[in-house]
Amino acid sequence: MAFETSDRSAGSPEMTGVRAVKLLVAGGFGVGKTTLVTAVSEIKPLRTEERLSAIGAGVDDLTGVERKTTTTVALDFGRITINSEVVLYLFGTPGQDRFWFMWKELSVGALGAVVLADTRRLEDSFGAIDFFESRGTPFIVAVNCFDGAEIYDEVEVRQALAIDDHVPVQLCDVRDRESSKRVLVRLLEYLMTVATAGAAAGTW
Amino acid sequence: MKYAGEPEPFEFEPGPLIRPFAVTRGRAGKDLHELDIITLVVAVRPEADVAALDREYGDILRMCHQRPLSIAEISAKMGLLLAAVKVLVSDLISSGHLIFRSPPPPTSGRPDIKLLQAVLDGVRNL
Ligand SMILES: Nc1nc2c(ncn2[C@@H]2O[C@H](COP(=O)(O)OP(=O)(O)OP(=O)(O)O)[C@@H](O)[C@H]2O)c(=O)[nH]1
Ligand SMILES: [Mg+2]
């Protein structure tokens, strides 16, 4: 399959046309990110880690020496081979707010994102929504319908999250492969719409 | 950014391959080939070479023998930090054992609609 000739990715000439793309799965702690990745990945999700050292916020008063702290941030990811040339990676972002710098790095070059939300604690997804809105990363909201959670409809969720009308909201059960697949399909359809509209309007 | 006294990039001084621990200590954060977490690499040199290399290098070449793997996958399979894998992979690219493809820089224009369509088709056919 031939893609745009304007392939400006860095690399070896033998691999022109071969490419990896990524989508992000974000949302609060325990909302089902890893479960979604597992449901659609062709491999058992893998875990990679990055150790980050940050200079501690304060300077130690007694010694005057800056404290260096080291944190390990874990990322879960899955893989879907699209065709002989394209591989899709799905990254679950770290659930904790304080690891957002890692999101920043991950969001560079991402095609788009799924923000997973749990209706019992919708506020946990505010952070992810703010993040992608501010970075201009196109995203959809997928509401993971946990057992026993009150079922809200799309309109209610949309209002509660105060998201733009054009951002798709989809109810799902991430434990179900078909349901998780539909979330990705919805995201990709949305990305196509955004890309097509942008091209028509001459935004790019 | 380049600082005075920084060692020359590996390409200009292809010394012996160094043990990963030493390598990562000395050069962490300096990605010689601008490797991304989803940069794909494939081994190109014959397996016979592998025996002459340090274990970690050999492991990488073996796992990337048949099909492209990303830096993220290599990191997960080896249980090494992303930063360490980037350094090792950089060495293997410089030495001609691996070829690679990194994603285009984010500034390179509009979304690729054909690519999006291919990904959409691929996910639909899962
Ligand atoms: N009943 C029910 N349980 C779910 C559902 N989705 C996920 N779970 C469970 O909720 C727990 C958390 O799911 P994970 O997929 O690990 O969530 P996560 O977002 O990756 O969590 P962190 O990485 O810790 O932030 C697991 O025990 C899942 O089995 C769901 O739709 N219904
Ligand atoms: Mg998880």
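Here the structure is shown first, and the text comes after it.
Analysis parameters
- Residues numbered from 1 in each chain as written.
- Chains lettered and ligands numbered in written order.
- Predicted model: local features only at pLDDT ≥ 70, side-chain atom pairs only at ≥ 80, totals over all residues.
- Heavy atoms only, no water.
- Helix = DSSP H or I, 4+ residues; strand = E, 2+ residues; numbered from the N terminus.
- Contact = heavy atoms within 4.5 Å.
- Pairing = 2+ DSSP bridges.
- Core = buried A, V, L, I, M, F, W, Y, C linked by side-chain atoms within 4.5 Å.
- Buried < 20%, exposed > 50% of the residue type's maximum accessible area, 1.4 Å probe, protein only.
- Axes fitted to C-alpha atoms, helices over the stretch in contact; angles between N-to-C directions.
- Parallel < 35°, antiparallel > 145°, perpendicular 65-115°, else oblique.
- Left-handed = near helix turned anticlockwise from the far one by under 90°.
- Nonpolar A, V, L, I, M, F, W, Y, C, P; charged D, E, K, R; others polar.
- Polar contact = N/O pair within 3.5 Å; in protein donor to acceptor, adjacent residues only side chain to side chain.
- Buried area = accessible area lost by both parts, 1.4 Å probe.
- Salt bridge = Lys/Arg side-chain N within 4 Å of Asp/Glu carboxyl O.
- Near = heavy atom within 4 Å.
- Areas by Shrake-Rupley, 256 points an atom, 1.4 Å probe, with all protein chains shown as cover.
- Phe/Tyr/Trp six-rings, centres within 6.5 Å; stacked < 30°, edge-to-face > 60°.

Trainee: What exactly am I supposed to notice about the environment of L116(B) here?
Mentor: With respect to the element layout, L116(B) can be found in helix α5 (residues 113–124). Setting aside residues up to four positions removed in sequence, L116(B) forms contacts with L111(A), L188(A), L191(A), M192(A), A195(A) and P111(B).

Trainee: Would you explain the sheet that holds strand β2 (residues 69–70) of chain B in this entry?
Mentor: Each strand in a sheet pairs with another by means of backbone hydrogen bonds, the pair being arranged parallel or else antiparallel. Strand order in the open sheet made by the 3 strands is β2-β1-β3 (chain B), with antiparallel pairing throughout. Each having just a single partner strand, β2 and β3 (98–101) of chain B make up the two edges of the open sheet.

Trainee: Is there a simple way to explain the nonpolar core in this structure?
Mentor: The tendency in soluble globular proteins is for nonpolar side chains to be buried as a group. The biggest cluster of nonpolar side chains holds 94 residues, and the ones touching the most others in it are F132(A), V141(A), V89(B) and L98(B). With near-sequence residues (within four places) excluded, L98(B) lies in contact with V41(B), V42(B), A43(B), V44(B), I60(B), L61(B), C64(B), V89(B), L92(B) and I93(B).

Trainee: Before we go on, may I ask you to explain the packing of helix α5 (residues 177–200) of chain A against α5(B) in this structure?
Mentor: A pair of packed helices can be characterised by two numbers: the angle between their axes and the separation between those axes. At a minimum axis distance of 9 Å, the contact between α5(A) and α5(B) shows a crossing angle of 165 degrees. Judged by the inter-axis angle, α5(A) sits roughly antiparallel to α5(B). As for how α5(A) packs across α5(B), the hand of that crossing is left-handed. Taking contact as the criterion, the partners of K181(A), L184(A), V185(A), L188(A), E189(A), L191(A), M192(A), A195(A), T196(A) and A199(A) in α5(A) are, on α5(B), I113(B), L116(B), Q117(B), V119(B), L120(B), V123(B) and R124(B). For the contact of α5(A) with α5(B), the residue count by class is 12 nonpolar, 2 polar and 3 charged.

Trainee: Is there a simple way to explain the environment of V157(A) in this structure?
Mentor: All names here are of chain A. Within the secondary structure, V157 sits in helix α4 (residues 154–161). A sequence separation of 117 residues divides V157 from V40, and the C-alpha atoms of the two residues are 25 Å apart. In contact with V157, other than residues within four places in its own chain, are T119, L122, V143, Y152 and V169.

Trainee: Sorry, what's going on with the side chain of S41(A) here?
Mentor: Residue and element names in this part refer to chain A. Along the chain, the position of S41 falls in the loop between α1 (33–40) and β2 (46–59). Engagement of the side chain of S41 in a polar contact is seen with the backbone nitrogen of R79, the distance being 3.0 Å. The residues touching S41, leaving out its near neighbours within four places in the chain, are G78, R79 and I80.

Trainee: Sorry, what's going on with the interface of chain B and chain A here?
Mentor: Interfaces are often described in size by the accessible area the parts lose on coming together. At the interface, 41 residues of chain B touch 57 residues of chain A. In this assembly, chain B packs against chain A so that about 4,400 Å² is buried in total across both faces, 69% of it on carbon and sulfur atoms. Across the contact surface, chain B and chain A share 3 salt bridges. With its nearest N and O atoms 3.1 Å apart, the salt bridge here joins E73(B) to R79(A). Between chain B and chain A we count 14 residue pairs in polar contact (both at pLDDT 80 or more) in total. Of all the elements in the fold, those that place two or more residues in the side of chain B that touches chain A are β1 (40–43), β2, α3 (71–78), α4 (82–94), β3 and α5 of chain B. Here the side of chain B that touches chain A takes 11 residues from α5(B), the largest share from any one element. When the residues that make up the side of chain B that touches chain A are grouped by side-chain class, the tally is 26 nonpolar, 7 polar and 8 charged.

Trainee: Help me understand the site of ligand 1 in this model?
Mentor: All names here are of chain A. Close to ligand 1 lie 15 residues; G32, K33, T34, T35 and N144 are nearest. A distance of 3.1 Å separates an oxygen atom of ligand 1 from a polar atom in the backbone of V31. G32 places a polar main-chain atom, nitrogen or oxygen, 3.0 Å from an oxygen atom of ligand 1. Surface burial for ligand 1 is 66%, taken as the share of its 650 Å² of free accessible area covered by protein chains. For the shell around ligand 1, the element with the most residues is α1, which contributes 3 residues. Among the residues forming the shell around ligand 1, the class breakdown is 5 nonpolar, 6 polar and 4 charged.

Trainee: Whenever I open this one, the pairing of strand β5 (residues 112–117) of chain A confuses me. Can you help?
Mentor: In regular strands, side chains alternate between the two faces of the sheet. All names here are of chain A. Of all 6 residues in β5, 6 are buried, a share of seventy percent or more. Across the two faces of β5 the burial is the same, with G112, V114 and L116 and A113, V115 and A117 all buried. By the bridge criterion, 4 bridges tie strand β1 (residues 19–26) to β5 in an arrangement that is parallel. Each bridged residue has a counterpart across the sheet, and for L23 the counterpart in β5 is G112.

Trainee: I'm lost on the packing of aromatic side chains in this one. Help?
Mentor: The description of an aromatic ring pair rests on the distance of the ring centres and on the angle between the ring planes. Residue and element names in this part refer to chain A. All told, the structure shown has 6 aromatic pairs over all chains when counted by the stated rule. A ring pair is formed by F131 and F132, whose centres lie 5.3 Å apart and whose planes are at 80 degrees; its orientation type is edge-to-face. By the burial criterion, F131 is buried, and F132 matches it. Three or more aromatic residues link up through ring pairs in this structure, and these residues are W103, F131, F132 and F139.

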